[in-house]
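# A look at the structure
Each chain, letter by letter, is given below.
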Amino acid sequence: MNKITIFCLALLTAACNTNNQQKQQNTTIIAIDPTKDENTLVIDEQAVAQTIALETTDVALLGEINKLQIVNKKLYVADREITEAIFCFDENGKFLYKIDAAGQGPGQYSELDDFAVNSQTDEVVILDADQLKVIFYKQGKFTHEVRLTNDLSFISYSQNGFVGATNYCSNKECNHLFFYDTQFKQIGQALPFTYNSKNIEWDLTLPLYTSFEGTFYTQDFSNTIQLVNNNKVTDFVTIDFGK
């Protein structure tokens, strides 16, 4: 039987206190002393952990958990490599359905690169970066797909639309973030950069994520967590490691 432990707490960097924490404009700066063996952060909010036993059936066998989203009391679990599927469970771990559509045709993905859930409609949107498309599913059933004009590596649902993130670029104008409406029509972009194929930036495991506090983005090799809100990007928390 698969089990998953969920930790419900405020964003660590926003909810912790330390003697070296300070504010600079609207950005929280947490200073880390590299000369100390340990730097202690005290969490204001008490962490609440809940272990949920996931129902195991012939069609609900998880290989590994690459991403978990909790939306409207449902658990969405992505297994990118082994089963190449997304599993949906209710809040008690009862299996509801799965999206298992690996392939090259309409409604299928050659790679399950990422997924996001529209919290207003419960639609699951899968990113297939290889085929440059996003695929929409409702209750596990394919509804439609949208072709992309930009290379994306990660997607997330934020407020009333989607956000896409990338370190790659095949166009003249390159941006790390792209903003889309609920049907993945592009409505904006942010964080321009100059792409150099000889200077590859390795993708973080999860640089773009949405919690109950908002959508957050962290660039590679950056010590700053940025808040993505209303198609704008602002610095949220910076970890100061000293000189």
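So, here's what we can say about the structure. (Residues numbered from 1 in each chain as written. Predicted model: local features only at pLDDT ≥ 70, side-chain atom pairs only at ≥ 80, totals over all residues. Heavy atoms only, no water.)

The next subject is the overall build of the protein chain. When helices and strands are tallied, the protein chain shows one helix and 22 strands. Among the 243 residues that make up the protein chain, the fraction classed as buried is 45%. Expressed as a percentage of contacts within the protein chain between residues at least 6 apart in sequence, the contacts between residues at least 24 apart total 47%. Working note: accessible area of the protein chain is about 13600 Å², and carbon and sulfur atoms make up 48% of it. (Helix = DSSP H or I, 4+ residues; strand = E, 2+ residues; numbered from the N terminus. Buried < 20%, exposed > 50% of the residue type's maximum accessible area, 1.4 Å probe, protein only. Contact = heavy atoms within 4.5 Å. Areas by Shrake-Rupley, 256 points an atom, 1.4 Å probe, with all protein chains shown as cover.)

With that settled, consider the sheet that holds strand β7 (residues 67-71). Strand order across the open sheet formed by four strands is β7-β8-β9-β10, with antiparallel pairing between neighbours. A single partner strand is all that each edge strand has here, and the edge strands are β7 and β10 (95-99). Each adjacent strand pair in this sheet contributes to an overall mean axis angle of 20 degrees, direction not counted. (Pairing = 2+ DSSP bridges. Axes fitted to C-alpha atoms, helices over the stretch in contact; angles between N-to-C directions.)

Bringing the state of the cysteines into the picture now. Working definition: the covalent bond between the sulfur atoms of two cysteines is a disulfide. Tallied over the full model, the rule gives one disulfide. Note on cysteine connectivity: Cys169 is disulfide-linked to Cys174, with sulfurs 2.1 Å apart. Linking Cys169 and Cys174, the disulfide has an S-S dihedral of approximately -80 degrees and is accordingly described as left-handed. Assigned by exposure class, Cys169 and Cys174 land together as buried. (Disulfide = S-S within 2.5 Å.)

For the rest of this paragraph, the subject is the pattern of salt bridges. Per the counting criterion, the structure on display carries six salt bridges. Among the salt bridges present, the one from Arg80 reaches Asp114, with a minimum N-O distance of 4.0 Å. Of the two residues, Arg80 sits in the loop between β8 (74-79) and β9 (85-90) while Asp114 sits in strand β11 (residues 114-117), which places them 34 residues apart along the sequence. One exposure class covers both Arg80 and Asp114, and it is buried. Among the ionic pairs, Glu145 bridges to Lys133, the shortest N-O distance being 3.1 Å. Residue Glu145 is located in strand β14 (residues 141-147), and its partner Lys133 is located in strand β13 (residues 133-138); the two are separated by twelve residues in the primary sequence. Assessed through its relative accessible area of 26%, Glu145 is described here as partly exposed. A residue is classified by how much of its surface remains accessible, and Lys133, at 1% relative accessible area, is buried. (Salt bridge = Lys/Arg side-chain N within 4 Å of Asp/Glu carboxyl O.)

Time to look at the packing of aromatic side chains. Enumeration according to the criterion identifies eight aromatic pairs in this entry. Geometrically, the ring pair formed by Phe136 and Phe162 is edge-to-face, given 6.5 Å between the ring centres and 85 degrees between the ring planes. One end of the pair, Phe136, is in strand β13; the other, Phe162, is in strand β16 (residues 161-165), and 26 residues separate them in sequence. On the basis of an interplanar angle of 75 degrees and a centroid distance of 5.2 Å, the ring pair of Tyr157 and Phe162 is categorised as edge-to-face. Each member of the pair, Tyr157 as well as Phe162, is classed as buried. Taken together through their ring pairs, the aromatic side chains of Phe136, Tyr157, Phe162, Tyr180 and Phe184 make up a single cluster. In this arrangement the basic side chain of Lys67 is found over the ring face of Phe115, its NZ or CZ atom lying 5.1 Å from the centre. (Phe/Tyr/Trp six-rings, centres within 6.5 Å; stacked < 30°, edge-to-face > 60°. Lys NZ or Arg CZ within 6 Å of the ring centre and 35° of its normal.)

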